[in-house]
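Residues per chain are reported as follows:
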Amino acid sequence: MTKNLSDETDVRAATEPFQAEFPYERDEEAQVTRREFCNFLGLTSAALFAGAAGFAAKAALDERESVSLPAARIDGVESLAPNSSLNFSYPTERDSAILIRTADGAYHAYGQKCTHLSCPVYYARDHQRLECPCHEGAFNAATGDVLYGPPPRPLDAIEIEMRDGQIWAIGRTPSSSEVGG
Amino acid sequence: MLVMINIAQLWILAATVDAALGRHYPVLVPLVVASGVCFIITLSIIKWWRPTSRRKTSTGYVRDPR
């Protein structure tokens, strides 16, 4: 006796050519029962919940973790003219950063990743601000704050220190304030 | 209903990732709680939901499946 899994009694005959080329058993469509489908959705729900909880836990751990970064000398500062910039890496070679010497001679350093989608920002001399070429965001060169565009928060600030005429990077402060929030 | 809850949870997960990467910590807990509530609702539906055709009516009559 054949178990009838399908609830359709009037199954159309496969008369078209494409139906003959790709035949299938109608009853096999009902191999997944409603209960199995519900269980699958339940597992999916559990996985999504675990994912959200995991991301939140990871973020909470990262927030508590205070890493002391080693000091690193920034090479090439002596030739940096006012209203110009210099790229360097800090704290690792993969963390690109930008040092800016503003028109008044002050130095400021920031992580180079735009806080919107991580495009590298550059110093626009004409406007004396940091600009992101991807989605037209801009940051204040003196503070790292968002001037306009889609970035949700200021650039990560890199703490610098003058030692014997050289500039050293001594720490990195992730920004956390929301624009308008 | 379960599919709709899954879609809502997917949206919550996207918002959680966005908040975590943006370091917007205050909203993380409400997002995780919301996802947990969705999960509990899903479990409740799976555990207690039965097809209408299998339920007994108030008179004790069991409906025949169509």
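Residues numbered from 1 in each chain as written. Chains lettered and ligands numbered in written order. Predicted model: local features only at pLDDT ≥ 70, side-chain atom pairs only at ≥ 80, totals over all residues.

Caption draft 1: Structural detail: the overall build of chain A. Summing up its helical and strand segments, chain A has two helices and 10 strands in all. The buried share of chain A, reckoned over its 181 residues, is 23%. Taking contacts inside chain A between residues at least 6 apart in sequence as the whole, the part at least 24 apart equals 34%. (Helix = DSSP H or I, 4+ residues; strand = E, 2+ residues; numbered from the N terminus. Buried ≥ 20, exposed ≤ 12 C-beta atoms within 10 Å, placed from the backbone. Contact = placed C-beta atoms within 7 Å.)

Caption draft 2: Seen up close, the interface of chain B and chain A. Contacts between chain B and chain A engage 25 residues on the former and 22 residues on the latter. For the side of chain B that touches chain A, the secondary structure elements donating two or more residues are α1 (2-21) and α2 (28-48) of chain B. The element that contributes the greatest number of residues to the side of chain B that touches chain A is α1 of chain B, accounting for 11 residues. In the side of chain B that touches chain A, the residues fall into 16 nonpolar, eight polar and one charged. (Nonpolar A, V, L, I, M, F, W, Y, C, P; charged D, E, K, R; others polar.)

Caption draft 3: Layout of the sheet that holds strand β5 (residues 122-124) of chain A. Residue and element names in this part refer to chain A. Taken in spatial order, the four strands of this open sheet run β5-β6-β7-β8, and their pairing is antiparallel. Each of the sheet's edge strands pairs with one partner strand only, and the pair in question is β5 and β8 (146-148). On average, each strand axis in the sheet is tilted by 40° relative to the strand beside it, whichever way the strands run. (Pairing = 2+ DSSP bridges. Axes fitted to C-alpha atoms, helices over the stretch in contact; angles between N-to-C directions.)

Caption draft 4: How the structure looks around the pairing of strand β6 (residues 129-132) of chain A. Residues and elements named next belong to chain A. By the bridge criterion, three bridges tie β5 to β6 in an arrangement that is antiparallel. Residue pairing in the sheet places Tyr-123 in a bridge with Leu-130 of β6. Hairpin connection of β5 to β6: four residues between the antiparallel strands, including Gln-128 at a positive phi of 55°. Of the strand pairs in this sheet, β6 and strand β7 (residues 137-140) are connected by four bridges, and their pairing is antiparallel. Considered in β7, the bridge of Glu-131 is made with Ala-138. The antiparallel hairpin formed by β6 and β7 contains four residues in its connecting segment, where Glu-136 sits at a positive phi of about 60°.

Caption draft 5: Quick peek at the nonpolar core. Ranked by internal contacts, the top residues of the largest apolar core, which has 22 residues, are Ala-97, Ile-98, Ala-109, Tyr-110, Val-121, Leu-130 and Ile-158 of chain A. Elements that contribute at least two residues to this core include exactly β3 (96-101), β4 (107-111), β6, β9 (157-163) and β10 (166-173) of chain A. Top element by residues in this core is β3 of chain A. It accounts for four residues. Leu-130 of chain A has contacts with Tyr-110, Val-121, Tyr-123, Ala-138, Phe-139, Ala-141 and Leu-155 of chain A, leaving out every residue within four places of it along the chain. Grouped together as the second largest cluster of nonpolar side chains are 14 residues, Ala-56 of chain A together with Leu-13, Cys-38 and Phe-39 of chain B included. (Core = buried A, V, L, I, M, F, W, Y, C linked by C-beta atoms within 7 Å.)

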